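This is what each chain is made of:
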Amino acid sequence: MKRLKINTILICSLVLTLIAQYSCTTKEKANTFQNQEFDQTNNWIVLDKTDATKEGTTFSWTFEVKNPSDYVLQVVTKDASFTDNKRGTVKLGEQVFEESLSKNYVINENEIVSEFKNIIPLKNTEKQTLSITTEADFKSLRFIPHFKKQIGSGKYHQEWLVMHQSDEKQEALKRFKEAKFGMFIHWGLYSQAGGIWKGTKINNAPHPGPKVAEWLMYAFQIPREDYKELAKTFNPDKSFAQNVVKLAKDVGMKYIVITSKHHDGFALFDSKSSDFNMVDATPYKADIIKELYDACLAEGIDFGVYYSHGNDWMDGTDGNYANVKKVNDSLGIYTHPNGKNLWDPSDNTHEEYLQNKAYPQIEELLTMLPELRLIWFDGTGFTTEAQAFQFYKLVYDINPNVLVNRRVGYAFGDYLDAGDNKIPSASETLEKYWETCGTTNNSWGYKSYDNDWKSPKELLYYFVDILSKGGNYLLNIGPDGKGHVPETSAQNLRAMGKWIHKNADAVYGTTRWNTPNEGQEETLLDGTGHRASKGFQREFTSKDFWFTTKGNKVYAISLTNTDGDILIKSLRKGKGDIEKVKLLGSDKTLSYTQNKNGLQTTVTGVPKDALGFVIEVTLKNN
């Protein structure tokens, strides 16, 4: 009996040991699975030479695109067979480009990667045909997603979609779409410098990168301790919040978004996660984000904050650059250093920055501002898919009514932005609602010597063009170190606002009509640098119209002060039975005729200094 008892104990002990070992092994496997990095090569399109159709020195493939995006094209060759400067001519649909092959990367110890400079948009999932004509002895071609167009694993998509489609988010989006016009504010320590450091203008800074004033620290590679000195003299006027909100009201802006923390890492609010903030580091000693928030609520203006989550030159170390570069080099992918602090990085890890500063500061903002409407993330950089999702979910879990823009990363945004000072073409199809952010000169932050102000007519043109395509316009001001908005900027905005207030029915709550515009071809705005170098040269005629719609009304917008007969071709017979035509801002009904050529009416009484007029057309059915 005693021996049986001992054997029973031994057997039980063995079973428990096996269970424990199995449990540990299972847990270890689970942790391994959770910690696995997404294999980005899954989103590559690889075309092997052995699969090509060959005619002489031309090789052709037909392939399908799983993830529509922007790509770069690379040629992979064996090191032993690579010859520098051999040409390659690529034809993809209607696109044709030619370059010399060069040794951009070495991978797998004996393979050469040569990358074409062109960004290649593969925008649909239909079958594509590509050919390359070259005498080079290559192994394969591969399409790599462009570094600005990250493609994730899809692992978090369903969970994100549930949050994005929630009643709270959709109601917030509805409010956002109706607002149409907002004020962006780039303001911080850099505003004191006005784009000049130690007598040198930022345009002449010794280091590459954007030459906009808020990138001062980066352009001059200012050491972190030196940059902190700017906080000691940052003491703006106490009337900043009230003055800015009044300007927004005068212009007709329905929401305000301010840089609560830009890439320099300085917080304009009272942060418990970092003492590099408005209360602890400056003589102002007050939370200017809370002051502006309160001023906005008092005037019925929605409030949002910009937050740089990917770049933080003060506490974000190198932005995870070294780790990402190590992986990318092994794959033959370019690692873009733009926006990364490689001159004086903090000594923590990037993950520690996220856990100890970025995530906590987002929590602080959401807690302090219960009626916050949106968070405008920026500086995605090397944020991972999991980290981008965590930012989105963090916002949703605390306040599901807060919108998140697309720059949070990996398509997790509730809406898109077309890019800095970029307006999409009327023919371009976007998968979400969108916004364009723009400047009143050629810088976002205050640049004391940039006097290339966009006129009221130019600003209004961009706004009207955006309205006709169904988007929002977030138009920037860059106050100086005291919080004063440059006078010319404010004057031009108020002149624009005069037109907006008079023609409000054609602006707020409108959507894109079936025809965005008629007349001249669109003058596309293609980036801050594009406008700075090309200027703005466009004449408006009485034949140019942009359209918006709301209910059973169509609004035809002209940017002239025409006096006399006009013809609106897009409202010809068959485009809707007209009930009434009037000049917006006037009670006077206009007589008209509608035939196969269009809607013809006569406009009189438009002031000579007006930026334009709007014809309101009421249809019997929409």
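In this text the structure is predicted, and so the values were computed from the model without any measurement.

Is there a simple way to think about the overall build of the chain in this case?
Tallying secondary structure elements over the chain gives 14 helices and 29 strands in all. Along the first, second and third principal axes, the C-alpha set of the chain runs to 110 × 70 × 65 Å. When contacts within the chain are restricted to residue pairs at least 6 apart in sequence, long-range pairs at least 24 apart make up 74% of them. Side-chain charges in the chain split into 75 positive and 79 negative, and the spacing between the mean points of these groups amounts to 3 Å.

Before we go on, may I ask you to explain the packing of helix H6 (residues 240-251) against helix H8 (residues 288-299) in this structure?
Helices that pack against each other are described as a pair by the angle of their axes relative to one another and the distance between those axes. At a closest axis distance of 9 Å, the pairing of H6 and H8 adopts a crossing angle of 40°. By the criterion of interaxial angle, the relationship of H6 to H8 is oblique. Between H6 and H8 lies a crossing of right-handed hand. Facing Phe-240, Ala-241, Gln-242, Val-244, Val-245 and Lys-249 of H6, the residues of H8 in contact are Ile-288, Glu-291, Leu-292, Ala-295, Cys-296 and Glu-299. Grouping the constituent residues of the contact of H6 with H8 by class yields eight nonpolar, one polar and three charged.

It is not clear to me how the side chain of Ser-274 should be interpreted in this structure. Could you clarify?
Within the element layout of this structure, Ser-274 appears in the loop between strand E15 (255-261) and helix H7 (278-281). The buried category is assigned to Ser-274, whose relative accessible area is 11%. A distance of 3.2 Å separates a polar atom in the side chain of Ser-274 from the backbone nitrogen of Phe-276. Sequence-distant contacts of Ser-274, defined by excluding residues within four places in its chain, comprise Asp-280, Asp-315, Lys-357 and Gln-361.

Teacher, can you tell me more about the pairing of strand E12 (residues 181-185) here?
Walk down a regular strand and you will see the side chains alternate between the two sheet faces. Most of E12 is tucked away: five of the five residues are buried. Of the two faces of E12, both are covered, the one formed by Phe-181, Met-183 and Ile-185 as well as the one formed by Gly-182 and Phe-184. Both E12 and strand E21 (residues 472-477) contribute to a ladder of five bridges, which runs parallel. Along E21, the bridge assignment pairs Met-183 with Leu-475. Bridge count for E12 against E15 is four bridges, and the pairing is parallel. Bridge pairing in E15 places Ile-185 opposite Ile-258.

Can you help me understand helix H10 (residues 350-368) in this one?
Over its 19 residues, H10 extends 26 Å from the first C-alpha to the last, a length consistent with the 27 Å expected when each residue adds 1.5 Å. In the structure, H10 departs most strongly from a straight axis at Pro-360, where the bend amounts to approximately 25°. The inward-facing, buried residues of H10 contact E15, H8, strand E16 (302-308), strand E17 (374-378) and helix H11 (385-398).

Looking at this structure, I do not really get the nonpolar core. What am I missing?
Within soluble globular proteins, side chains that are nonpolar generally end up buried alongside one another. With 126 residues, the main nonpolar core has Ile-185, Tyr-227, Ile-256, Leu-292, Phe-303 and Ile-375 as its most contacted residues. Element by element, the count of residues in this core is highest for helix H12 (residues 456-468), at eight residues.

Explain the pattern of salt bridges here, please?
Here the idea is simple: oppositely charged side chains can pair when their charged atoms come close. Summed over the entire model, instances satisfying the criterion amount to 27 salt bridges. In this structure, Asp-302 and Arg-175 form a salt bridge, with 2.7 Å as the shortest nitrogen-oxygen distance. Pair noted here: Asp-302 is in strand E16 and Arg-175 is in helix H3 (residues 167-179), with a separation of 127 residues, a long-range link. The class of Asp-302 is buried, set by a relative accessible area of 15%. In this structure, Arg-407 and Asp-417 form a salt bridge, with 2.9 Å as the shortest nitrogen-oxygen distance. With a gap of ten residues between them, Arg-407 in the loop between strand E18 (403-404) and strand E19 (416-420) and Asp-417 in strand E19 connect regions that are remote in the sequence. The same class applies to Arg-407 and to Asp-417, which are both buried. The network of salt bridges with shared partners includes Asp-378, Arg-406, Arg-407, Asp-417 and Asp-420.

Honestly, the environment of Asn-42 in this entry has me stumped. Any pointers?
Here Asn-42 is to be found in the loop between helix H1 (2-35) and strand E1 (45-48). With relative accessibility at 48%, the residue Asn-42 sits in the partly exposed group. C-alpha separation for the pair Asn-42 and Ile-151, spaced 109 residues apart in sequence, amounts to 9.8 Å.

What is the right way to read the packing of aromatic side chains from this model?
Each pair of aromatic rings is reported with the distance of its centres and the angle of its planes. As enumerated under the stated definition, the model contains 38 aromatic pairs in all. Ring geometry for Phe-59 and Phe-138: centres 5.2 Å apart, planes at 90°, overall edge-to-face. Placement of the pair is Phe-59 in strand E3 (residues 58-64) and Phe-138 in strand E11 (residues 138-145), with a sequence separation of 79 residues. Accessibility classification places Phe-59 together with Phe-138 in one group, the buried group. On the basis of an interplanar angle of 25° and a centroid distance of 4.4 Å, the ring pair of Phe-181 and Phe-463 is categorised as stacked.

So what exactly am I meant to see when it comes to the sheet that holds strand E27 (residues 592-595) here?
Adjacent strands of a sheet form backbone hydrogen bonds with each other and so pair up, either parallel or antiparallel. Taken in spatial order, the three strands line up as E25-E28-E27 in an open sheet, and their pairing is antiparallel. With one partner strand each, in any of the chains shown, strand E25 (564-568) and E27 form the two edges of the open sheet. On average, each strand axis in the sheet is tilted by 20° relative to the strand beside it, whichever way the strands run. Here five bridges tie E25 to strand E28 (residues 598-603), and the two strands are oriented antiparallel to one another. Its bridge partner being in E28, Ile-568 is matched across the sheet by Leu-599.

Explain the environment of Ile-112 to me, please; I cannot follow it from the model alone.
One can find Ile-112 in strand E8 (residues 111-115). The class for Ile-112 is buried, based on a relative accessible area of 0%. Put simply, Ile-112 and Leu-403 are 291 residues apart on the chain and 44 Å apart in space, counted from C-alpha to C-alpha. Look past the residues within four positions of Ile-112 in its chain and what remains in contact with it is Val-75, Val-76, Thr-77, Asp-79, Phe-82, Lys-103, Tyr-105 and Val-106.

How should I be thinking about the environment of Gly-332 in this particular structure?
Its location among the elements puts Gly-332 in the loop between helix H9 (321-331) and H10. Separated by 265 residues in the primary sequence, Gly-332 and Asn-597 have C-alpha atoms spaced 58 Å apart. Leaving out residues up to four positions away in the same chain, Gly-332 has contacts with Gln-74, Tyr-105, Ile-107, Val-113 and Arg-142.

Got a minute to help me understand the sheet that holds E17 in this structure?
Spatial strand order, E18-E17-E16-E15-E12-E21-E20-E19: eight strands in an open sheet with parallel pairing. A strand with exactly one partner marks an edge of an open sheet, and here the two such strands are E18 and E19. With six bridges joining them, E15 and E16 adopt parallel strand pairing. Bridge assignment links Tyr-255 to a residue of E16, and that residue is Asp-302. Against the sheet, H6 makes contact with E12, E15 and E21, and its axis sits at roughly 150° relative to E12, the strand it touches most.

Thresholds applied
Residues numbered from 1 in each chain as written. Predicted model: local features only at pLDDT ≥ 70, side-chain atom pairs only at ≥ 80, totals over all residues. Heavy atoms only, no water. Helix = DSSP H or I, 4+ residues; strand = E, 2+ residues; numbered from the N terminus. Contact = heavy atoms within 4.5 Å. Lys, Arg positive; Asp, Glu negative; His and termini not counted. Charge placed at Lys NZ, Arg CZ, Asp CG, Glu CD. Axes fitted to C-alpha atoms, helices over the stretch in contact; angles between N-to-C directions. Parallel < 35°, antiparallel > 145°, perpendicular 65-115°, else oblique. Left-handed = near helix turned anticlockwise from the far one by under 90°. Nonpolar A, V, L, I, M, F, W, Y, C, P; charged D, E, K, R; others polar. Buried < 20%, exposed > 50% of the residue type's maximum accessible area, 1.4 Å probe, protein only. Polar contact = N/O pair within 3.5 Å; in protein donor to acceptor, adjacent residues only side chain to side chain. Pairing = 2+ DSSP bridges. Expected span 1.5 Å × (residues − 1). Bend = angle between axes of the 7 residues up to and from the residue. Core = buried A, V, L, I, M, F, W, Y, C linked by side-chain atoms within 4.5 Å. Salt bridge = Lys/Arg side-chain N within 4 Å of Asp/Glu carboxyl O. Phe/Tyr/Trp six-rings, centres within 6.5 Å; stacked < 30°, edge-to-face > 60°.

The quantities given are spatial measurements derived from coordinates; they are silent on function.
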